[in-house]
Amino acid sequence: MEILGEFDNESPLYVSFCKRISPEAFERQSLTYTQKSLEELYTQMERNPGVCERLVRKRKQLENEEGGLASYLKTKFFSMFNHGSALKQEEIQEEVEHLKCEMKRVSTYALAAKRVSHWPLERKARKNIQLERFSPSQPRLSEPAVPAMPKIFGPYPTPATVNLKEEKMSSDSSKKRKPKVIRTDGGPQEGKRSRPDADQDTRYYSEEAEVDLRDPSKDYELYKQTCQDLQKLMAEIQELKSKGNKDSTAEIEERRIQSCVHFMTLKKLNRLAHIRLKKGRDQTHEAKQKVDAYHLQLQNLLYEVMHLQKEITKCLEFKSKHEEIELVSIEEFYKEAPPEISKPEVTTDDPHQQTLSRLDWELEQRKRLAEKYKECLANKEKILKEIEVKKEYLSNLQPRLNSIMQASLPVQEYLSMPFDQVHKQYETARHLPPPLYVLFVQASAYGQACDKKLAVAIEGNVEEAKALCKPPEDSQDDESDSDAEEEQNTKRRRPTLGVQLDDKRKEMLKRHPLSVTIDLKCKDGSVLLLTFYYLMNLNVMTVKAKVTAATEMTMPISAGDLLSPDSLLSCLYPGDHGKRTPNPANQFQFDKVGILTLSDYVTELGHPYVWVQKLGGLHFPKDQPQPVVADSSLSASHMERTMKLLKMRLESRLALHKQFASLEHGILPVSSECQHLFPAKIVSRLVKWIAFTYEDYLELPYTKDVVEAGLAEDTHLYYMALIERGTAKLQAAVVLNPGYSSVPPVFSLCLNWKGEKTSSNDDNIRSMESEVNVYYKELCGPKPGYQLLTNQLQRLCVVLDVYLETETHDNSVEGPKEFPQEKMCLRLVRGPSRMKPFRFNYPQGFFSHR
């Protein structure tokens, strides 16, 4: 392959993938292929004489069937007993040679048809005049219509040549063909064709011209009339013969002659039908040949177009090295380049010269920049020397500043401005790992700017952190000394494989000695204490949480998981449950030391949430793994939103904690701002509120739709509520998303009254679920909407009252109605599904349909 230089011109292509040939050469090639195919067919016929023999016998049988009625019946009779016409080997060979002559004749005819298409118009006109002068008395075959053959069989031969070839082939075939023998029941055998046969041939060929003059519909009517007459004559003959009169012989003979005349009429109609069929086939064949010729031309043109498109694509995709150079724009080039380089009078209309001129200008600019670079290096050396002088001055200034800070400590304490304490924190922060340092800086900045109550501190052993920052040479000497001591102490015992793996796991999961703590304070005085750790070998951050309430709180049984460290921060962002390490490289490290998953060590190490990594400036791309470096901009972009989400999570969990204490005692705490959402009198009441597991939720038959929709996961909280009124009991399985109240709870209902009714078998139960699951925004109350759960439970009590009071009473049962109607409804039911009015209208106080 040729390699071009940066400023070389592209070389043209010299190789082509197809070659144009002349029509004469194309015709010669097609003729050669046709002759080769015929020779292969002759060879197959000689190698398989059995096939030829079956074909000859079949043709012989067809000829015998066309010889007349008696010959047809005789042939059918013998064919039923598998007595075909006995043919000798010489007769079969003659028939095969005759078949070969016919195939050669067809090939010659096709070649002639091809050449006739090139005749001049005058010769065609003369030929038409000669055909018009043709007399039926002259016994000769009518020339078939010449189809428009494709130009693959070569030019047409001259008419004289065609006639000579046809006469020669017909004479050869007549010599080789054995004369047809027609056997009758009583007549003698004929060895040669008689004169009537020749007349019959003449009539046959004259009928071809008669076909064009006759109407096929009239022939069809004549055929039906002849069949009816023939049927009538046969019935009369049968009737005369059944009488047995000797005088009826003449009548029978007369009717037999009439029947023969009708048979001759049917045979003529049959011949005319065959001639019409043959003409239709010829016309169809001619049209097919035209279509094939056009299709062949179309394929040739399409191939040429495809080849040209490929060549164009190759030319367009050609890439030179100068394309990799980022040149200045054309406007900037003509504006800045001198005229001796830009040459606008030449390059404006010539893109090639324009590109060369732009490359020359690029080279000139790079030379200037190289000189400027050398000057900048000299200035840099000069500035570095000045910096060294100033550093020496600052190092001498440091002791004086320390003495000033020591003297100002009493003033700092008096003014509550702990500059010295902050200074010590920043001194300790120097020994933090990069992710914790980024977290400390960004959290401190956020506290100063947005949240004055936010407290950020550094905890841990500073000396160990300093030891980790020592140079490798010193640490190696210390390690060699410690290793020597360990070898002296452990000469007599060798650690087992399990002990070695435990040591490797501990080393793999080792935390940095320093940690960062953040105290988030709510308005009611509750504090969320977050402690962030850094796992040095895994390069991930973890967090532990602890809640300190402002007042002492009673611990409800169902609120056990609300403030637990495992569920408090779970799914702060959707899908971030903190059970897996966000660093893809950790899995390979775990495989080496036999750790299956990090979730087994979460209790000790903390949860590696993704938002924790982002607060530390860590990002682990899955598509393109690359070295991870702490990025302060990433931490700053997520700091404010994460802190707000943490506060909202703490406030919502504390609100739920108070609500669960009331729900376990059967009390629905509805705030005064939400009283207008419910009627004054509610008979149904909450009797039970318990927490249960995710596995128990999956076993409930009426929660399958929620599970299949993906609204129930193992990270969610699950509760069961039981609402009663009289003999009716309504069970509500509640799915509480960790993101409550921005994500509403999902209720699944089951009513046990007169059978078990769920959303799958009762449309009104489905409508009750919609009231709390779909129209939950009506129940949010004042922001931030922490009363949503209790309002949904209160709405369930209301809709249960409406459901029971609008049910029809069974008149066959004596006594008062179990659930008398106390709610005012505009319509009790609506539609074919008998939907009930569950929507409460305030302040009118009635219920209506949605």
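Residue numbers run consecutively from 1 along every chain, following the written order of its sequence. The model is predicted, so local features are restricted to residues of pLDDT at least 70 and side-chain atom pairs to those at 80 or more, both for listing and for counting; the totals for chains, interfaces and linings are taken over all residues. To get the side-chain values, all heavy atoms of the structure are used, and hydrogens and water are removed first.

## Observations concerning the overall build of the chain
Here comes step 1: Elements are defined by DSSP. Helices are runs of H or I of four residues or more, strands are runs of E of two residues or more, and each kind is numbered from the N terminus. When you go through the chain residue by residue, the secondary structure sums to 28 helices and eleven strands.
Here comes step 2: Type-normalised accessible area, obtained with a 1.4 Å probe on protein chains alone, sets the label of each residue: buried when under 20%, exposed when over 50%, and partly exposed for intermediate values. For the chain, the proportion of its 850 residues judged to be buried stands at 32%.
Here comes step 3: Of the contacts formed within the chain by residues at least 6 apart in sequence, a portion of 67% connects residues at least 24 apart.
Here comes step 4: Using a 1.4 Å probe, the Shrake-Rupley method yields the accessible areas, and only the shown protein chains count as cover for residues. In the form shown here, the chain has an accessible surface area of approximately 56200 Å², with 54% of it arising from carbon and sulfur atoms. Should any heavy atoms of two residues lie within 4.5 Å, those residues are counted as being in contact.

## Looking at helix 21 (residues 586-593)
Here comes step 1: For helix 21, the complete set of buried residues consists of Asn-586, Phe-590 and Val-593. On an axial view of helix 21, the arc spanned by its buried residues comes to 70 degrees, and they lie on one face. Among the exposed residues of helix 21, those oriented more than 90 degrees off its buried face are Phe-588, Asp-591 and Lys-592.
Here comes step 2: Just downstream of helix 21, Gly-594 is the residue with a positive phi angle, here 80 degrees. This arc describes the spread of directions from the helix axis toward the C-beta atoms.

## Quick look at the pattern of salt bridges
Here comes step 1: Take a side-chain nitrogen of Lys or Arg and a carboxyl oxygen of Asp or Glu: if they are within 4 Å of each other, that pair is a salt bridge. If you walk through the whole model with that rule in mind, you get 26 salt bridges.
Here comes step 2: Residues Glu-771 and Arg-795 are paired through a salt bridge, measuring 3.0 Å at the closest nitrogen-oxygen approach. Of the two residues, Glu-771 is situated in helix 27 (residues 763-773) and Arg-795 in helix 28 (residues 788-805); the sequence distance between them amounts to 24 residues. Just as Glu-771 is buried, Arg-795 falls in that class too.

## Details of the packing of helix 16 (residues 434-449) against helix 24 (residues 632-663)
Here comes step 1: Running from N to C, helix 16 and helix 24 cross one another at 50 degrees; their axes reach a closest spacing of 10 Å. On the basis of the axis angle, helix 16 is oblique to helix 24. Considering how the two elements wind past one another, helix 16 and helix 24 form a crossing that is right-handed. Here Val-438, Leu-439, Gln-442, Ala-443 and Tyr-446 of helix 16 come into contact with helix 24, specifically with Ser-632, Ser-635, Ala-636, Met-639, Glu-640 and Met-643.
Here comes step 2: Here the nonpolar group is Ala, Val, Leu, Ile, Met, Phe, Trp, Tyr, Cys and Pro; Asp, Glu, Lys and Arg are the charged ones; every other residue, Gly included, is treated as polar. Looking at the contact of helix 16 with helix 24 residue by residue, the class counts come to seven nonpolar, three polar and one charged. Between N-to-C directions, angles cover 0 to 180 degrees, with each direction set by a line fitted to C-alpha atoms, over the stretch in contact for helices. Working definition: roughly parallel below 35 degrees, roughly antiparallel above 145 degrees, roughly perpendicular at 65 to 115 degrees, and oblique for all remaining angles. Put simply, a crossing is left-handed when the front helix is turned counterclockwise from the back one by less than a right angle, and right-handed when it is turned clockwise.

## Some words on the sheet that holds strand 1 (residues 455-460)
Here comes step 1: When DSSP finds two or more bridges between two strands, those strands count as paired. Taken in spatial order, the four strands line up as 1-2-3-4 in an open sheet, and their pairing is antiparallel. Strand pairing shows two members of the sheet lacking a second neighbour, strand 1 and strand 4 (540-548), which therefore form its edges. Neighbour-to-neighbour, the strand axes of this sheet turn through a mean angle of 25 degrees, independent of strand direction.
Here comes step 2: Looking at chain direction, strand 3 (residues 527-535) and strand 4 are connected through nine bridges and run antiparallel. Bridge pairing in strand 4 places Leu-530 opposite Ala-545.
Here comes step 3: The strands touched by helix 24 are strand 2 (514-521), strand 3 and strand 4; relative to strand 2, the strand with the most contacts, the crossing angle is about 60 degrees.

## Focus: the packing of aromatic side chains
Here comes step 1: We call Phe, Tyr and Trp rings a pair once their centres come within 6.5 Å, taking the six-membered ring for Trp, and we label the pair stacked below 30 degrees between planes, edge-to-face above 60, and tilted otherwise. Following the criterion strictly, the structure yields eleven aromatic pairs and no others.
Here comes step 2: An angle of 50 degrees between the planes, with centres 5.5 Å apart, marks the rings of Phe-660 and Trp-689 as tilted. One end of the pair, Phe-660, is in helix 24; the other, Trp-689, is in strand 5 (residues 685-692), and 29 residues separate them in sequence.
Here comes step 3: Using a relative accessible area of 4% as the deciding quantity, one classes Trp-689 as buried.
Here comes step 4: For the ring pair Phe-692 and Tyr-697, a centre distance of 6.2 Å and an interplane angle of 35 degrees mean the geometry is tilted.
Here comes step 5: Members of the aromatic cluster, each reached through a chain of ring pairs, are Phe-692, Tyr-694, Tyr-697 and Tyr-718.

## Quick word on the packing of helix 24 against helix 28
Here comes step 1: Where helix 24 contacts helix 28, the two axes come as close as 10 Å, and the packing angle between them is 30 degrees. Between helix 24 and helix 28, the angle falls in the class roughly parallel. In this structure, helix 24 uses Leu-656, Gln-659, Phe-660 and Leu-663 to contact helix 28, whose residues at the interface are Leu-789, Thr-790 and Leu-793.
Here comes step 2: Taken together, the residues of the contact of helix 24 with helix 28 break down into five nonpolar, two polar and no charged.

## Here's the deal with the nonpolar core
Here comes step 1: In terms of nonpolar packing, the biggest core is built from 47 residues, with Leu-530, Phe-532, Leu-569, Trp-611 and Leu-646 touching the most fellow members.
Here comes step 2: Only helix 16, strand 2, strand 3, strand 4, helix 21, helix 23 (610-615) and helix 24 provide two or more residues apiece to this core.
Here comes step 3: Setting aside residues no more than four positions away along its own chain, Leu-530 makes contact with Val-516, Thr-517, Ile-518, Leu-520, Val-543, Lys-544, Ala-545, Leu-569 and Leu-646.
Here comes step 4: Listed in part, the 46 residues of the second largest apolar core include Leu-677, Ala-721, Val-798 and Cys-825. The definition of a nonpolar core used throughout is a set of buried Ala, Val, Leu, Ile, Met, Phe, Trp, Tyr and Cys residues joined through side-chain atoms within 4.5 Å.

## Comments concerning the sheet that holds strand 9 (residues 756-758)
Here comes step 1: Here we have five strands laid out as an open sheet, ordered 5-6-7-8-9, and antiparallel in their pairing. At either end of the open sheet lies a strand with only one pairing partner, and these are strand 5 and strand 9. The average angle at which neighbouring strand axes cross in this sheet is 20 degrees, direction not considered.
Here comes step 2: Taken together, the seven bridges between strand 5 and strand 6 (residues 717-725) define a ladder with antiparallel strand orientation. Its bridge partner lying in strand 6, Trp-689 is registered against Ala-721.
Here comes step 3: Against the sheet, helix 24 makes contact with strand 5, strand 6 and strand 7 (728-736), and its axis sits at roughly 125 degrees relative to strand 5, the strand it touches most.
Here comes step 4: The sheet contacts of helix 28 involve strand 5, strand 6, strand 7, strand 8 (746-752) and strand 9, and relative to strand 6 the element is tilted by about 35 degrees.

## Things to note about unusual backbone geometry
For residues other than glycine, phi is negative in most cases, and the peptide bonds are mostly trans.
Here comes step 1: For the bond from Tyr-740 to Ser-741, the omega torsion is 10 degrees, close enough to zero to count as cis.
Here comes step 2: Positionally, Ser-741 belongs in the loop between strand 7 and strand 8.
Here comes step 3: At Lys-343, a position not held by glycine, the phi torsion is positive, near 50 degrees.
Here comes step 4: Tracing the backbone shows Lys-343 in the loop between helix 11 (339-342) and helix 12 (344-347).

## Here we look at the side chain of Ser-748
Here comes step 1: Within the secondary structure, Ser-748 is located in strand 8.
Here comes step 2: In contact with Ser-748, not counting residues within four places along its chain, are Tyr-697, Tyr-702, Thr-703, Val-706, Gln-731, Ala-732, Ala-733 and Glu-769.

## Looking at the environment of Lys-777
Here comes step 1: Following the sequence through the fold, Lys-777 ends up in the loop between helix 27 and helix 28.
Here comes step 2: Classification of Lys-777 as exposed rests on a relative accessible area of 65%.
Here comes step 3: Between the alpha carbons of Lys-777 and Leu-788 there is a distance of 8.6 Å; along the sequence they are eleven residues apart.

## What to know about the side chain of Asp-219
Here comes step 1: With respect to the helices, strands and loops of the structure, Asp-219 is situated in helix 8 (residues 216-243).
Here comes step 2: Within the structure, the side chain of Asp-219 is placed 2.7 Å from the side chain of Arg-214, a separation counted as a polar contact.
Here comes step 3: In contact with Asp-219, not counting residues within four places along its chain, are Arg-214, Leu-269, Leu-272 and Arg-276. Polar contacts here mean pairs of N or O atoms no more than 3.5 Å apart (in protein, one a potential hydrogen donor and the other a potential acceptor; neighbouring residues in sequence count only if both atoms are side-chain atoms).

## Describing the confidence of the model for the chain
Here comes step 1: With 78% of its residues at a pLDDT of 70 or more, the chain has an overall mean of 79.
Here comes step 2: Scored between 0 and 100, pLDDT is the confidence that the predictor attaches to each residue. Helix 5 (residues 121-132) is the least confidently modelled element of the chain, averaging 42 in pLDDT, while strand 8 averages 95, the highest of any element.
Here comes step 3: Across residues 81-85, confidence stays below pLDDT 50; counting only partners more than four residues off in sequence or on other chains, it has four contacts.

## A short note on the environment of His-431
Here comes step 1: Tracing the chain through its elements places His-431 in the loop between helix 15 (419-429) and helix 16.
Here comes step 2: Each C-alpha atom of the pair His-431 and Ala-465 lies 6.0 Å from the other, and the pair is 34 residues apart in sequence.
Here comes step 3: Dropping the residues within four chain positions of it, His-431 is found in contact with Val-462, Ala-465, Lys-466, Cys-469, His-512 and Leu-514.

## Some words on helix 8
Here comes step 1: Multiplying 1.5 Å by the helix residue count minus one yields the expected span of that helix. Relative to the 40 Å expected for 28 residues at 1.5 Å per residue, helix 8 spans 41 Å between its end C-alpha atoms, a close match to the ideal helical length.
Here comes step 2: Within helix 8 the residues assigned to the buried category are Asp-219, Thr-226, Leu-230, Leu-233, Ile-237 and Leu-240.
Here comes step 3: Buried residues along helix 8 sit in contact with helix 9 (249-316).
Here comes step 4: A positive phi of about 75 degrees marks Gly-244, the residue just after helix 8.

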